[in-house]
Every structure is written in structure tokens, then in C-alpha cells.
Amino acid sequence: MKIFFSAIICIISLTAFADIKLPTIFTSNMVLQRDKQIKIWGWAARGETVTVNFNGQVSKAKTGKDGSWQLTLQPMTYGGPYEMTLSGKNKIALTNILIGDVWICSGQSNMEFVLKNTRNSAKEISESIYTSIRLFTVEKATAFKPLNDVNSTGWKECNPATTPAFSAVAYFFGRKLNRDLNIPIGLIHTSWGGTNIQTWTSWDVMGKENQYKNINLDEKAKEDAIAKAKNEEFINALKNDKGDMEKWYLPESSSEGWKNIKVPQLWELTEIGNADGNIWFKKEFDVTEDMTGKDAILNLGPIDDNDVTYLNGVQVGATNNYSTERSYKISSSQLKKGKNTIVVKVTDTGGGGGFFGKDDQMYLEIGDKKIPLAGTWLYKPSVINTSFGIQNSGPNSFPSQLYNAMIAPLIKYSIKGAIWYQGESNAGEAYKYRTLFPNMINDWRQKWNDDFPFLWVQLANFMPQDSIPVASDWAELREAQSMTLSLPKTGQAVIIDIGERDNIHPKNKQDVGYRLALAGEKVAYRKDIVYSGPTYQSMKKDDDKIILTFSNIGSGLMLKDKYGYAKGFAIAGEDKKFIWAKAHIEGDKVIVSADGVTNPVAVRYAWGNNPDDANIYNKEGLPASPFRTDDWKGITQKD
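Definitions and limits used
- Residues numbered from 1 in each chain as written.
- Predicted model: local features only at pLDDT ≥ 70, side-chain atom pairs only at ≥ 80, totals over all residues.
- Heavy atoms only, no water.
- Helix = DSSP H or I, 4+ residues; strand = E, 2+ residues; numbered from the N terminus.
- Rg over C-alpha atoms; globule rule 2.2 N^0.38 Å.
- Buried < 20%, exposed > 50% of the residue type's maximum accessible area, 1.4 Å probe, protein only.
- Contact = heavy atoms within 4.5 Å.
- Areas by Shrake-Rupley, 256 points an atom, 1.4 Å probe, with all protein chains shown as cover.
- Lys, Arg positive; Asp, Glu negative; His and termini not counted.
- Charge placed at Lys NZ, Arg CZ, Asp CG, Glu CD.
- Pairing = 2+ DSSP bridges.
- Phe/Tyr/Trp six-rings, centres within 6.5 Å; stacked < 30°, edge-to-face > 60°.
- Lys NZ or Arg CZ within 6 Å of the ring centre and 35° of its normal.
- Expected span 1.5 Å × (residues − 1).

(A) Region of the structure containing the overall build of the chain. Of regular secondary structure, the chain possesses 11 helices and 34 strands. A globule of 639 residues ought to have a C-alpha radius of gyration of about 26 Å, and the chain, at 28 Å, matches this closely. Reported as C-alpha extents along the three principal axes, the dimensions of the chain are approximately 75 × 75 × 50 Å. Every one of the 639 residues in the chain was classed for burial, and the buried ones make up 54%. Considering only intrachain contacts with a sequence separation of at least 6, the fraction spanning at least 24 residues in the chain is 75%. Surface exposure of the chain reaches about 28100 Å², of which carbon and sulfur atoms provide 49%. The average position of the 75 basic charges and that of the 73 acidic charges among the side chains of the chain differ by 5 Å.

Written out as C-alpha cells, the structure is:
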């Protein structure tokens, strides 16, 4: 009987590949990498011969026992569009193919941040017509072992129908390269918000870490299967939310079981803790008679991730995006004199959850009057994962899961290079990032068997500005990123000047992509350009002053300050206590000093979570990278 069933399984597995099947990375509209060998692979019936005909080249491969096949096309110059045919027991024709440069675009939420949410998005989208730029998005997935394929809807031409939901950083990067180089550009976007670097690094690297050496991946896979089953229950509960069923959005709905909570703040900082799912919020407020009969605007600030908002039992808005500030129009008929009730169902899909703006972003505006809404609200969970025994089941719960599912299936696809925007989730272990980051770059290069260019974005300024110089894990993470420039063929886009105090996802992605592309044109295309802002090179002590020299000064140093003051500098003596310093430019140097520090030994620049006053640039308009001259132990160095 066992032999019979084994034979049946064998027949089924072979039948499954009777026709030629391609990975999802091979579709019409794709870009194939120029000037490198091009691998084409897929599956078919065992022993079948597959023939590929493309741009004058014909190549054949025979499938192995497992039904897989692979062949190689010789390097070609850029051009197109071309057609590719694959022949075996069936025939596949792929059209509108270009040969150009392909870039992997990966990281966390700031790489995931889509074009429709950027500044001037309507104009950017309407102008995003580039027939020689192609877009490919990898859908989110996790796995404990490398997969053979990614989920995707395939390659798309770049136009206003395809760009709104595509990575803004990747798009602006690709747009500049396409404009400047006049070659086709393929952008493979594979990112996941809130993820750490460990999950993007292969198990070949992460498995050598002491804490993982004795891990059995098969056991982890079993645990994952159980977690996924629980997660399926959780998902079904989300679809049948009891708050919807019981109509919690109605003003007359009972408040029994609801608890007080201060809003705005992420609910992970409250007694709710690290939970994902649906939580309902309720707020009552009074309207005076002179406010009635008028249209109004309800402002709730940004909400992580999604919301459905009701006023007096009527839905007034819904948004599925964590970075969008909620602003909903209220008709005059919806407000009433006396008590009114706002109810918001918030859905958190991972990471932070809830209202996370500022107090002054939450108000009801009626004419020239505002009713503040920040403060005490009521809340009640309806469906949260912790009620299902689901905790830490996401991509950060165990290393290599995103590498396995969202990178490994792509490594045979020839590429020009990679761009990377990540680090926020590793700020608390910035010192370790000094090793984690170069290890991941080397890991990817080894897997591709290609020492390709690797470019990244340094963390932007974020959070409140410090009144006095203090230690900063974000500053230490930026330092770790800069240190990784010691690897060959690397480049960094510094954006210390375009962040937002209260938004970890700054909307100015144009400058991010532009500066990344400058680094790319220098590192990957060897153009003789100024591609970086001033970079600290050396210091010299002169009595009570410190003289700093820089590389990458381009046409010279400059200040963005109408009074000519250099800002963002702190100085310390042997006591290691930093105070704000006075600084000015003299030629290609910066002179730093401070009253009361007669024997200075160290200087720091733009060293903080949000050094938003840092104003050293080169005359090409690129900002100086944050730095410190000391090597004193930081707050993230544990040993």
C-alpha cells in the first residue's frame, strides 16, 4: 500500500511540472541585467528539454529528476523591447522585455513607503510616465528555509497606474538613473516595515551567532506551522469583528468593559502592551448651540495602521495607511447640540499601534473654533493576537525569515546592485549593527556570487530636539552605517536635514532617491561627480580650539544660515562632558570652541536623535554626515 501511494505521489509531482513553469520574476515587461550572464530557470516534466530563444540567442536545458532546469544566456548590451519564447511541451511568450540595469530595493518601512504618500504626490504620480523603467514588487512572506519563488503580480511598466503603490525611494532613485544614464532600469522592491536586519540575513550567517547555534530549523518550522494555524483563527476573528457585530460604534452602545486610556500614544506604551489586531476607541465631547448647523473637519493625526471612524454612529472616514494624517469632513447635519460621540476602530497589523501624533493634531474644527480631542478616551479590544496565544510571530521573531522568503528566490537573477533603507528597528543595538550590516552585505554578495554595488540611506533626524548634548542610539546607528563605507563599492545617502520631528516616515522621499542615485552614479557608474556631503577626516587641537578637516567638500564648505553660524556642534574636555559649541568655517576647515572648555579633546556634530539645526554643507548642497572625533563607549555598547 505504501508503495502504491508513493507511486501516486510521484506521478502527481511529475504531472505538476508537465508544462514549463517560470518563477514569478520572469514575466513580460521585465528588465534583464545588461553586460552580465543571464540565468533563466524554472520547472517542467522530468527529462524534458526546454528551449529559450531571446535576442538572437538560443539556449537549451534538460530538466533533472526534480523537474527543475536552468540555462544561461551570454551578456548583452542594453536595449529593447524584445520578446522571449520558451518551448517544451508547451510554449510561453514573454513580451516587452528590456535589457538594462536591475536594482534590488530593500529595507523596512521607509523603503516600503509608497509614492502616493509623498509630498507633491499628485504631481509626481501624474508625471511618472517612463516606459524604460519597470517595477516589480515582492509580496510579504516569511519562511524558515529558502523558498524557490516569491509572490508577485509581475513586472509593470512605470506609469501613473503602477507607481502610486510602489516604493517612493526606489522610484525616485530609478528615475534619476534613467534620466541621467538613458538606459532601462528595473526596480525590484522587496521590503517590510518595522523589520530588523537579522531577518534579512541568511541563516548561513545568523546560524553562527552563539544564541542560534543549537537551533533546529525543522523544529522551528513545526512551531511556525502551529503559530500559523493560530494566526488563521485570529484572521477569521478579525474578519468577523465582534465590535462590528455588536455595533460598538453607536452612541447608545454600552460602555461596560471599556477602560480609560491617554490619547495620543502608541498602545504598546500602555497596559495593552505588544498586541496586534483591532481595538476600539471612544470619546465624548460637547457642542454648543452656536457651533451647530455648520460643516466641520475632524482631525485625528496619524493612526497606526488602519482606522474606521464614526461620529454619532455614522461612518465619516476610513484610512488604510499608518503615515496618513486623518482629516475627515463632517457635514452640518451630523453634529448636534450637547453630547457627541466619536468612535474609532483601529487595526494594527504589526509594530506600533494606535494614535501616534501630537496633542495639537487631534481636534474638531468648526469654523474658527477648535474642540481639543487629545486626552482621556475609552478603549476596548475586540480582536487581538495575544488572546489567541500569538506573540512574536512576525518576521523579527527569528532571523533569516525574510531573506528566505523575499531575497533567496531572487539570487540567481542578475542585478546591477542594491539599495537599502533600514536601521530604525536596530537602533537599540547600534553597536552590534557595526557587524550586522557589513555581514549582511557580504552575505548577499556571496549568495549572488557578485561583488555588486550596495548603497544605503543613513537614518534621518527624528524625535524631539535635545536641549543639551546627550547620548543617542540613533546617532550611534548612523555611525555604524557610516563605518560600513569601509566595504568596497558602497555609498551612503545622508538625509540628516530632511527628517520630521514627529514622523518616523518623512514625506520628502525625492531628496532621498536623488542622493542615493548620486551615490550610485559615483560608485556603480564611476561618474566624476560630487556625490556626498562633507565627511569628517581629521582634527587638530589649537589651544582652546579644535580644527576639523573634511573630505568630499566639492566646491567648498558652506553654511545654511543667514547669520553665518555653524550649528550642531558640541565639544568636551577630558571630563567627557559635552556642551554646545561655537563654530565657523575658515576656508576648507571648521573651527570649534566653547566658553569654559579651555582644554578641548573631542567634538561631535549632528550627534543626537534629531539634530535639526545641523547646517554644514558643501556648495553642491549636500549635507555633512554626522560624526564624532572620540571613540568613547556609547549607550548601545554592551561589553
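Structure shown, so let's carry the discussion forward.
(B) Inspection of the pairing of strand 5 (residues 68-73) at higher detail. Covered by surrounding structure in strand 5 are Trp-69, Leu-71 and Leu-73 only, the residues Ser-68, Gln-70 and Thr-72 on the alternate face being uncovered. Pairing of strand 2 (residues 38-43) with strand 5, which is carried by six bridges, proceeds in the antiparallel orientation. Directly across from Trp-41, in strand 5, lies its bridge partner Gln-70.

(C) Examining the packing of aromatic side chains more closely. Tallied over the full model, the rule gives 38 aromatic pairs. Between Tyr-249 and Tyr-310, the aromatic rings sit 4.5 Å apart at their centres with planes inclined by 15 degrees, giving stacked as the arrangement. Of the two residues, Tyr-249 sits in the loop between helix 7 (242-245) and strand 11 (259-263) while Tyr-310 sits in strand 14 (residues 306-311), which places them 61 residues apart along the sequence. The pair formed by Tyr-249 and Tyr-310 is uniform in burial state, with each residue classed as buried. Ring pairing ties together the aromatic residues Trp-200, Trp-420, Tyr-433, Phe-437, Trp-444, Trp-448, Phe-452, Phe-454 and Trp-456, which thus form one cluster. Seen from the ring of Tyr-363, Lys-370 lies directly overhead, with NZ or CZ sitting 4.4 Å from the centre. The cationic tip of Lys-560 hangs over the ring face of Tyr-617; the distance from NZ or CZ to the ring centre is 4.2 Å.

(D) Structural view of helix 6 (residues 217-239). Spanning 23 residues, helix 6 covers 32 Å between terminal C-alpha atoms, matching the ideal 33 Å at 1.5 Å per step. By the burial criterion, the buried members of helix 6 are Leu-217, Lys-220, Asp-224, Phe-234 and Ala-237. Summarising the contacts, the buried residues of helix 6 are in contact with helix 5 (203-206), strand 12 (277-287) and strand 21 (375-384).

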